[in-house]
Amino acid sequence: MSSIIHIKTYNEPPFCEKEILRYSGCKSTDSEISALMQSAIGEVRKKLIYKVCYRELQIAVNGDVCDFEHFSVQSKNLADNLKDCFSVIVFSATVGIEIDRLITKYGRISPSKALALQAIGAERIEALCDAFCEDIAKEKNITLKPRFSPGYGDLPLSVQRDIFNILDCSKRIGVFLNDSMLMSPSKSVTAFVGLTNGEVKQKMHKCDSCDKIDCSYRGAL
Amino acid sequence: MTFSEFLKKHIVYLDGGMGTLLQASGLKPGEYPERWNITHPEIITKIHKDYFDAGSNVVCTNTFGANTLKFSDGELEEIIRAAIANAKAAREQSTAGQEKFIALDIGPSGKLLKPLGDLDFEDAVSVFAETVKLGVKYGAELIIIETMNDSYETKAALLAAKENSDLPIIVSNAYGEDGKLMTGASPAAMAAMLEGMGADAIGANCSLGPKQLMGVAEELLANASVPVVLKPNAGLPKSVNGETVFDVTAEEFSEDAAAIVERGVRVVGGCCGTTPEYIKALVQKTSGFMPKMIENKNLTVVSSYTHAVSLGTSPVLIGERINPTGKKRFKQALIENDIDYILSEGVNQQEKGVHILDVNVGLPDIDECEMLKNTVCELQAVIDLPLQIDTSNTAAMEAAMRRYNGKAMINSVNGKKESMEAIFPLVKKYGGLVVALTLDEDGIPETADGRVKIAEKILKTAAEYGIDKKDIIFDTLAMTISADTSAATATLEALYRIKTELGCHTSLGISNVSFGLPNRDAVNGTFFALALENGLSAAIMNPYSIDMMKTYYTYKALKGLDENCAEYIRLAESFVTCGTAETTGTKSAAEDFKSELQRAVIKGFKDKAAEITKELLKGVLPLDIVQNEIIPALNIVGKGFENKTVYLPQLLMSAEAAKSAFEMIKSFMSRDGEKSAGKGIFVLATVHGDIHDIGKNIVKLLLENYGFDVVDLGKDVPPEKIVETVVRLHAPVAGLSALMTTTVPSMEETIKQLKISAPWCKTVVGGAVLTQEYADKIGADKYAKDAMEAVRYAEKIIAE
């Protein structure tokens with residue numbers, strides 16, 4: 001029996017200015033930066049959408065191989081992440097194509113604004129993923145593992161093809177996979193989220209699970 | 001009876017969903033349904049037969065995703081052959097009595113087109129062309145292009161269908177809850193483009209239920225002069241006990257759909273979740289309905305990839321500034337392939353409130369075909385206004401019309417036989433609203449009468465090509481009154497007569513009227529007012545002219561075309577509040593700058609920097625301003641960035657302020673025919689496969705600030721093109737950026753080729769995924785962790 005593809009649309013999650021600053025490479029702010037961010041938010045805000053499509057799949061973990069009913073993938077990190085899970089939600093989320101158009105536009109005429117929009121987009125898509133995961137946890141009254149995306153750890157980017165194949169993302173929410181495995185719209189995410197009845201370690205900052213400690217965006221304490 | 005004949009006089013019933021029925025028969029998630037034509041022909045045939053039995057006039061072959069991106073050529077041919085054979089077998093087996101046709105079904109490619117995605121427009125046309133050719137070969141009787149959520153891809157598919165078959169074509173788009181396509185097009189915009197290109201019926205399918213699609217259907221009915229198609233879903237899918245069910249029942253669906261047929265939709269069926277039961281109910285509910293006759297709406301309209309602009313009610317402004325005539329700075333931009341300058345002209349005019357942008361990039365020494373095509377594509381990546389393609393070069397015209405996303409305005413055709421023979425076939429093929437100049441082999445008639453006669457001749461010839469008069473807009477040619485004081489009168493009289501006697505729309509290039517006179521704006525403004533009063537529909541004009549804008553908005557207010565005079569009041573207020581927010585920035589005690597210009601650059605005040613520079617240029621040499629003001633300011637910010645006291649957004653704001661000061665200096669110097677000597681050539685590109693170029697644009701901005709002649713090749717650039725450019729210009733340094741690990745190999749390939757063909761050229765690489773290790777591995781000369789480092793490296797190389 002196969003699950004169906006669900007589509008959800010969310011209201012605008014609250015903005016986190018601190019995150020936007022972090023993504024734009026600022027450790028502090030002043031009136032000019034603040035004005036830049038506010039004008040960028042004002043311009044893009046009404047053009048954003050908050051859409052997710054997802055389906056729930058059964059999972060079997062054998063060693064480093066995760067078997068998801070319709071496809072399997074070899075990844076030690078993902079296998080570790082999902083080993084206690086009885087099923088997994090695979091989802092694709094996007095804030096839509098309009099922000100890409102604005103980034104392109106300002107990339108040509110005002111890169112500072114393009115940078116601000118880029119940071120806002122990054123913050124928005126993360127906020128959407130957070131809202132979605134919270135919603136699912138509540139709806140199913142269950143604990144979720146931290147979400148895990150293609151490219152994290154040793155999870156190959158090529159698993160994008162399988163995700164797109166079973167989620168039909170382009171038709172459902174307008175997310176497309178390019179040959180380079182980048183997605184259009186650029187502010188889109190695909191991820192696996194394990195469902196478990198067990199305990200999940202208290203949420204740390206997402207950067208804490210990353211090995212790249214010299215990253216200029218690193219946000220952990 | 002052929003499908004075209006049947007469509008003229010009947011309500012056409014399409015079939016319903018295929019995917020949901022196949023899933024119920026065991027199709028696995030991720031499995032390609034098209035393969036079932038070969039592996040499970042009996043199931044596919046049974047579904048088609050059930051639809052014919054339910055009353056469908058048309059069944060769509062099970063070929064939604066049958067294209068060369070998913071299947072090999074051999075398998076694709078086998079799939080399409082089998083799919084059409086299955087549909088034909090179903091028709092033979094069905095004993096139902098209605099007319100029955102077989103449509104080749106074409107769904108989206110699954111890829112997003114450039115510039116938003118990575119599929120090239122012409123590649124998309126080729127992909128669809130293969131499917132179309134096979135459909136024709138195996139006997140499809142019509143083509144249905146469906147579920148397209150992007151206008152550009154829709155155009156590619158329709159073009160492929162038109163170029164490779166004579167079959168009737170139905171085009172149906174997937175609109176979202178906001179009533180628009182995923183990439184932004186409204187139903188009116190789609191109607192303009194698709195009808196212009198000759199689609200036989202246009203409509204909406206999928207994504208929503210019939211109730212939610214009602215608004216889209218209404219908008220299509222109001223705008224289309226061809227039959228409207230509707231193929232809604234059975235609502236939204238839900239999971240009930242592990243089974244997929246849709247929330248609109250056959251009974252509700254048929255009632256809602258019948259209501260839409262009553263409003264005038266002529267081609268109706270179902271999409272996801274609908275079954276033969278739904279179609280049967282629909283046919284029953286609508287039996288006895290009289291098909292509504294299709295009326296010509298007589299709309300004169302152009303469109304962009306988001307919206308349509310219609311001529312008629314309120315006069316339309318066409319911005320004339322993207323044109324090199326008489327503009328030295330613009331000519332320089334064209335010669336240097338400085339697309340950013342052209343784009344800023346577009347963005348600025350949009351901000352001034354024009355509705356359409358005229359695009360003329362003709363210069364004797366450039367490849368106009370390439371330039372016009374590229375400019376149109378680049379403009380459409382950043383500006384959502386419809387464009388007027390303005391050229392006398394027919395090949396350039398075709399190249400641009402083909403690539404244009406929407407229904408363009410075409411400038412121009414005239415009464416000469418040669419002109420009409422060149423332009424009308426293009427208008428017929430690609431669609432467009434064509435500006436017709438009232439002149440012919442004998443020149444421009446002096447009298448209004450002569451111009452009206454030419455207009456009549458043009459209309460008659462257009463009709464022979466199948467071009468309706470609604471797609472012709474006449475320009476009665478404004479001539480300068482400094483040569484002949486009766487010139488304006490003749491133009492205005494011809495305008496009035498064409499409007500009233502021929503019932504056609506009109507346009508004028510306003511500013512010609514004042515050529516050779518002082519204070520031209522005053523003459524232009526008044527002439528514009530007179531033309532409007534004589535029925536002018538559109539003006540090609542300078543939106544920076546205050547006189548012209550005053551005329552436009554006061555005319556609208558006086559004619560009851562401006563509700564509450566709101567637009568006029570906004571204009572009037574803009575004259576009062578000229579100061580911008582940034583000029584009010586307060587100077588704190590700690591800020592001790594050498595000069596106002598330095599302060600403006602350091603604080604990132606763009607407009608202020610330009611303003612001060614303009615003032616300084618009255619008394620200071622351009623190079624002194626650069627050396628003594630701008631460079632020191634940039635150095636302060638650059639050092640601050642390197643010392644981590646200034647952050648990237650601040651660095652960029654300063655760089656933009658410096659750029660606007662440089663721009664002022666540049667246009668001052670080009671006026672005097674001077675050109676500043678650059679520091680050296682820097683070739684810059686985002687590598688093949690990568691379509692995100694913000695990092696590259698940041699590097700470009702800073703390099704330009706520091707005086708480099710940046711040759712920006714854009715994004716997704718093949719190694720060969722980078723190598724060719726470096727060799728041709730003998731560039732000492734090339735910068736490459738990549739965002740993804742998957743595109744680093746094309747960076748490596750580029751470096752490899754550069755080492756062979758341009759061993760003198762140093763490479764500097766950067767981008768999100770790059771590290772020193774990566775850069776070493778792929779053989780780059782330098783890894784730059786940020787834009788300043790790239791600048792410093794380039795300075796070092798040039799100094800050596």
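The rules behind each value
- Residues numbered from 1 in each chain as written.
- Chains lettered and ligands numbered in written order.
- Predicted model: local features only at pLDDT ≥ 70, side-chain atom pairs only at ≥ 80, totals over all residues.
- Heavy atoms only, no water.
- Helix = DSSP H or I, 4+ residues; strand = E, 2+ residues; numbered from the N terminus.
- Rg over C-alpha atoms; globule rule 2.2 N^0.38 Å.
- Buried < 20%, exposed > 50% of the residue type's maximum accessible area, 1.4 Å probe, protein only.
- Contact = heavy atoms within 4.5 Å.
- Areas by Shrake-Rupley, 256 points an atom, 1.4 Å probe, with all protein chains shown as cover.
- Lys, Arg positive; Asp, Glu negative; His and termini not counted.
- Charge placed at Lys NZ, Arg CZ, Asp CG, Glu CD.
- Buried area = accessible area lost by both parts, 1.4 Å probe.
- Salt bridge = Lys/Arg side-chain N within 4 Å of Asp/Glu carboxyl O.
- Polar contact = N/O pair within 3.5 Å; in protein donor to acceptor, adjacent residues only side chain to side chain.
- Domains from an automatic or database assignment.
- Pairing = 2+ DSSP bridges.
- Axes fitted to C-alpha atoms, helices over the stretch in contact; angles between N-to-C directions.
- Phe/Tyr/Trp six-rings, centres within 6.5 Å; stacked < 30°, edge-to-face > 60°.
- Lys NZ or Arg CZ within 6 Å of the ring centre and 35° of its normal.
- pLDDT = per-residue confidence, 0-100.
- Expected span 1.5 Å × (residues − 1).
- Parallel < 35°, antiparallel > 145°, perpendicular 65-115°, else oblique.
- Nonpolar A, V, L, I, M, F, W, Y, C, P; charged D, E, K, R; others polar.
- Right-handed = clockwise from strand over helix to strand, strands pointing away.

Regarding the overall build of chain A
A count of helical and extended segments in chain A gives seven helices and 10 strands. Taken over the C-alpha trace, chain A has a radius of gyration of 18 Å; the compact-globule value for 221 residues is 17 Å, and the two agree within 12%. Considered along the principal axes of its C-alpha atoms, chain A spans approximately 55 × 40 × 35 Å. Counting all 221 residues of chain A, 55% fall into the buried class. Across chain A, the fraction of contacts at a sequence separation of at least 24, relative to all contacts at a separation of at least 6, is 74%. When the accessible area of chain A is evaluated, it comes to approximately 9,900 Å², of which 49% is carbon and sulfur surface. In chain A, which carries 29 positive and 28 negative side-chain charges, the distance between the mean positions of the two groups comes to 4 Å.

Topic: the overall build of chain B
A count of helices and strands for chain B gives 30 helices and 25 strands. Relative to its length of 800 residues, chain B is compact, with a C-alpha radius of gyration of 30 Å against a globular reference of 28 Å. In terms of its C-alpha atoms, chain B occupies a principal-axis envelope of roughly 90 × 75 × 50 Å. Burial statistics for chain B: of 800 residues in total, 58% are counted as buried.

Let's talk about the interface of chain A and chain B
With 50 residues of chain A at the interface, the matching set in chain B holds 57 residues. Three residues stand out in chain A for area buried against chain B, namely Arg101, Arg108 and Phe176 of chain A, and they jointly supply 17% of the buried area on that side. Counting across the interface, chain A meets chain B through four salt bridges. Between Arg108 of chain A and Asp340 of chain B there is a salt bridge, and its shortest N-O distance comes to 2.7 Å. Where chain A touches chain B, the interface holds 16 residue pairs in polar contact (both at pLDDT 80 or more). The set of elements that each furnish at least two residues to the side of chain A that touches chain B consists of α2 (31–44), β2 (51–58), α4 (98–109), α5 (111–140), α6 (159–167), α7 (169–173), β8 (176–177) and β9 (183–184) of chain A.

A look at the domain arrangement of chain B
What the domain assignment lists for chain B is domain 1 (3–286), domain 2 (315–406), domain 3 (423–541), domain 4 (543–572), domain 5 (593–671) and domain 6 (681–799). One C-alpha centre belongs to domain 1 of chain B, the other to domain 5 of chain B; they are set 57 Å apart.

Some details on the pattern of salt bridges
One pass over the structure, following the stated rule, counts 61 salt bridges over all chains. A salt bridge links Lys603 of chain B to Glu32 of chain A; its shortest N-O distance comes to 3.4 Å. Of this pair, Lys603 of chain B sits in helix α22 (residues 596–603) while Glu32 of chain A sits in helix α2, which puts the two residues in different chains. Across the pair Glu195 of chain B and Lys470 of chain B runs a salt bridge, and its minimum N-O distance is 3.3 Å. With Glu195 of chain B in helix α8 (residues 187–197) and Lys470 of chain B in the loop between α17 (448–464) and β18 (472–475), this pair connects stretches of sequence that are 275 residues apart. Bridged by salt links that share partners, the residues Arg108 of chain A together with Asp340, Glu378, Asp693, Lys696, Lys700 and Asp712 of chain B form one connected network.

Quick word on the sheet that holds strand β13 (residues 316–322) of chain B
Residues and elements named next belong to chain B. With parallel pairing, the eight strands of this closed barrel are ordered in space as β13-β14-β15-β16-β17-β18-β19-β20. Between one strand axis and the next, the sheet turns through 30° on average, direction left out of account. Pairing between strand β16 (residues 409–414) and strand β17 (residues 433–437): five bridges, direction parallel. Paired with Met409 across the strands is Leu433, a residue of β17. Each of β15 (387–390) and β16 is contacted by helix α15 (residues 394–403), which is oriented at about 150° to β16, the strand it contacts most.

Quick word on the packing of aromatic side chains
Here a ring pair, both rings aromatic, is described through the centre-centre distance and the interplanar angle of the planes. Throughout the structure, instances matching the rule amount to 14 aromatic pairs over all chains. Note on Tyr552 of chain B and Tyr553 of chain B: the rings are 5.0 Å apart at their centroids and 80° apart in plane angle, and the pair reads as edge-to-face. Residue Tyr552 of chain B is classed as buried on the basis of its relative accessible area, which comes to 1%. By relative accessible area, Tyr553 of chain B is classed as buried at 11%. Feature note: the residues Tyr54, Phe91 and Phe132 of chain A constitute an aromatic cluster, connected by ring pairs. The ring of Phe64 of chain B is capped by Lys171 of chain A, whose NZ or CZ atom sits 5.1 Å from the centre of that ring. One Lys or Arg, Arg329 of chain B, reaches over the ring of Tyr341 of chain B and ends 4.1 Å from the middle of that ring.

What to know about the environment of Asn149 of chain B
Counting through the fold element by element, Asn149 of chain B comes out in the loop between β4 (142–148) and α7 (151–164). Residue class for Asn149 of chain B comes out buried when judged on its relative accessible area of 8%. For the pair Asn149 of chain B and Met182 of chain B, spaced 33 residues apart in sequence, the C-alpha separation works out to 5.3 Å. With sequence-adjacent residues up to four places away left out, Asn149 of chain B is seen in contact with Ser170 and Phe176 of chain A together with Ala174, Leu181, Met182 and Thr183 of chain B. Among the polar contacts made by the side chain of Asn149 of chain B, one reaches the main-chain carbonyl oxygen of Ser170 of chain A at a distance of 3.3 Å.

Side note on the environment of Gly135 of chain B
All names here are of chain B. Position of Gly135 relative to the elements: it lies in helix α6 (residues 121–137). When the C-alpha positions of Gly135 and Asp338 are compared, they lie 44 Å apart, and in sequence the two are 203 residues distant. In this structure, Gly135 is in contact with Ile80, Ile84, Leu104 and Ala140, ignoring residues within four places of it in sequence.

Side note on the sheet that holds β4 of chain B
All names here are of chain B. Overall, parallel pairing links the eight strands, which are arranged β1-β10-β7-β6-β5-β4-β3-β2 in an open sheet. Edge strands, defined here as strands with exactly one partner in the open sheet, are β1 (12–13) and β2 (58–60). Here β1 runs beside strand β10 (residues 267–268); their pairing, made up of two bridges, is parallel. Bridging across to β10, Tyr13 finds its partner in Val268. Sitting on the sheet, α6 is in contact with β3 (101–106) and β4, with an inclination near 160° to β3. Along the sheet face, α7 touches β4 and β5 (169–173) and points at about 170° away from the line of β4.

Considerations on the confidence of the model for chain B
In the predicted model, chain B carries a mean pLDDT of 93, and the fraction of residues at 70 or more is 97%. Note on residues 578–590 of chain B: pLDDT is under 50 here. Beyond four places in sequence and across chains, it has 12 contacts.

Some thoughts on helix α16 (residues 417–430) of chain B
With 14 residues, α16 of chain B should reach 20 Å at 1.5 Å per residue; the first-to-last C-alpha distance of 20 Å fits that figure. One or two positions beyond α16 of chain B, positive phi appears at Gly431 of chain B, with a value near 80°.

Regarding unusual backbone geometry
Cis geometry is found at the peptide bond from Ser184 of chain A to Pro185 of chain A, where omega equals -5°. The residue Pro185 of chain A is located in the loop between β9 and β10 (188–196) in this model. Asn411 of chain B connects to Ser412 of chain B through a cis peptide bond whose omega is 15°. Following the sequence through the fold, Ser412 of chain B ends up in strand β16. Unusually for a residue other than glycine, Met181 of chain A sits at a positive phi of about 75°. Following the sequence through the fold, Met181 of chain A ends up in the loop between β8 and β9. The phi dihedral of Asp716 of chain B falls on the positive side, at around 55°, and the residue is not glycine. Mapped onto the fold, Asp716 of chain B is located in the loop between β22 (709–712) and α27 (719–729).

Observations concerning the environment of Ser87 of chain A
Residue and element names in this part refer to chain A. Relative to the helices and strands, Ser87 is located in strand β6 (residues 87–94). For Ser87, the residues in contact, after removing those within four places along its chain, are Glu56, Leu57, Gln58, Ile59, Val193, Gly194 and Leu195. Within the local environment of Ser87, its side chain forms a polar contact with the side chain of Glu56, the two groups lying 2.8 Å apart.

Let's talk about the packing of α2 of chain A against helix α25 (residues 648–671) of chain B
Axis separation between α2 of chain A and α25 of chain B bottoms out at 10 Å; the angle between their running directions is 85°. Classified by the interaxial angle, the pair formed by α2 of chain A and α25 of chain B is roughly perpendicular. Contact residues: α2 of chain A offers Glu32, Ile33, Leu36 and Met37 of chain A, while α25 of chain B offers Pro649, Gln650 and Met653 of chain B. Of the residues contributing to the contact of α2 of chain A with α25 of chain B, the split by class is five nonpolar, one polar and one charged.

With respect to the side chain of Asn233 of chain B
With respect to the helices and strands, Asn233 of chain B occurs in the loop between β7 (228–231) and β8 (237–240). Apart from residues no more than four positions distant in its own chain, Asn233 of chain B is found in contact with Cys206, Ser207, Leu208, Gly209, Pro210, Phe253, Cys271, Cys272 and Thr274 of chain B.

Description of the pairing of β17 of chain B
Residues and elements named next belong to chain B. By the criterion of burial, β17 is predominantly enclosed, with five of the five residues buried. By the alternation rule, side chains of β17 split into Leu433, Val435 and Leu437 and Val434 and Ala436, which are all buried. Following the chain from β16 across α16 to the adjacent parallel β17, one finds a crossover that is right-handed. Bridge count between β17 and β18: four bridges; the pairing is parallel. Each bridged residue has a counterpart across the sheet, and for Leu437 the counterpart in β18 is Asp475. The handedness of the β17 to β18 crossover, carried by α17, is right-handed.

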